[in-house]
Amino acid sequence: ELGENPHYMLKEIFEQPEALENAMRGRFSADGSTSVFGGLNISVQDLRGMGRLMICACGTALHAGMVTEYLVERFARLPVECDHASEFRYRNTPLFAKTLFFVFSQSGETIDTLAAMREAQRKGFQVLAINNGVGSTIAREANGGIYQHAGPEIGVASTKAFTSQLIIGAMLALHLGRIRDMSFRDGTEIVSALKGVPDLVRATLKQAAHIKAIAQKYAGFNDMLFLGRLELFPIALEGALKLKEISYIHAEAYPAAEMKHGPIALINEECPSVFLVPQNEIFNKVVSSMQEIKARGGPIIAITTSDAELPEGLADDVITIPACHEAVLPIVATIPLQLFSYYVAVERGCDVDKPRNLAKSVTVE
Ligand code: M6R
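Residues numbered from 1 in each chain as written. Predicted model: local features only at pLDDT ≥ 70, side-chain atom pairs only at ≥ 80, totals over all residues. Heavy atoms only, no water.

Student: Describe the environment of Ile167, listing the residues and the values that go with them.
Tutor: Considering the arrangement of structural elements, one finds Ile167 in helix 8 (residues 160–178). Residue class for Ile167 comes out buried when judged on its relative accessible area of 0%. Leave out the neighbours within four places in its chain, and Ile167 touches Leu20, Ala23, Met24, Leu194, Val197 and Ile331. (Helix = DSSP H or I, 4+ residues; strand = E, 2+ residues; numbered from the N terminus. Buried < 20%, exposed > 50% of the residue type's maximum accessible area, 1.4 Å probe, protein only. Contact = heavy atoms within 4.5 Å.)

Student: Can you lay out the sheet that holds strand 5 (residues 144–147) for me, pointing to particular residues and giving the numbers?
Tutor: The five strands lie next to each other as 2-1-3-4-5, forming an open sheet whose pairing is parallel. Only two strands of the sheet have a single partner each, and these edge strands are strand 2 (80–84) and strand 5. Here the average twist between neighbouring strands, direction ignored, is 20 degrees. In the sheet, strand 4 (residues 127–131) pairs with strand 5 via four bridges, with the strands oriented parallel. Counted as the bridge partner of Leu128 is Gly144 from strand 5. Helix 6 (residues 111–122) rests against strand 1 (52–57), strand 3 (99–105) and strand 4 of the sheet, and its axis sits at about 160 degrees to strand 3. Along the sheet, helix 8 contacts strand 3, strand 4 and strand 5; its crossing angle with strand 3, the most-contacted strand, is approximately 165 degrees. (Pairing = 2+ DSSP bridges. Axes fitted to C-alpha atoms, helices over the stretch in contact; angles between N-to-C directions.)

Written out as structure tokens, the structure is:
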């Protein structure tokens, strides 16, 4: 099954364009202005009446939920809360009656996510699932949901299941937006951005050799920071999680502006920072965070978009991804982070597909 690939993780990273196509197949309206889902089991009137979205998940799936939070708030103007499933199940948070409840789980077997779902159901909520494991426990017990159709993911570090959840999250934000205030025109713009994402991912995957060279340069460090803002903050969290899972490098992620509230004390020549710095309304703010790091001798790897102009010499290494719509930027920005952590781990001689202390699905509390 591995074919020419040295590891499942690399195979699955390269399967992402197809996984994204599979997540979208048959899920756009004929007029091309919104997404449609067959299994939500909730009427459009009830969906329109929801006052809040609550998402529970663990690990990488939680990061997908956090990106969805940004997109749903932006596109649908619906307040969203995203919680660790393990916290939700015990913290007994007050829940507003008109809450749309989602769990995200690749395997559909994660015990904390299942328990969060059961707790919400016990309180009378219908819980929907975004899930890749057809026939899984979560799929069977959920009141409805959206299958990812990403195909089996063997590598313990989640890759294609994550970007597949990101695209479904973006489609959900579009769907919720179009039944509220989003115009036909804005809807069609998002649909065409979504349809274009597999090609943007293919183009980004072509940079694997460049990313490998950068990864080899940084593989000897023991600490790294990942910094991003807005919908790329959860992507920074995912970049740090991926790196620690498979390379055992200590990595942390923050919203870039949070640096000056403490983490900047860590910065020196031994602690590189990976910045997600796309062209957007706060590009200059992220650049000034980069300058603060640079002034303290911290090496910088920048992941930026083709329409951005980074000040000359600010980053030590640059990976440029295609300029794209904010609905799909998190997906495209994830690709270099996956490849970076993969090549760092290979360079360090780690067992990429079976990292120490980790299981593919966490079925014990
Ligand atoms: O199967 P799930 O999506 O519910 O799994 C949740 C987490 O255990 C999982 O994403 C974990 O963080 C992965 N090892 C990430 O690579």
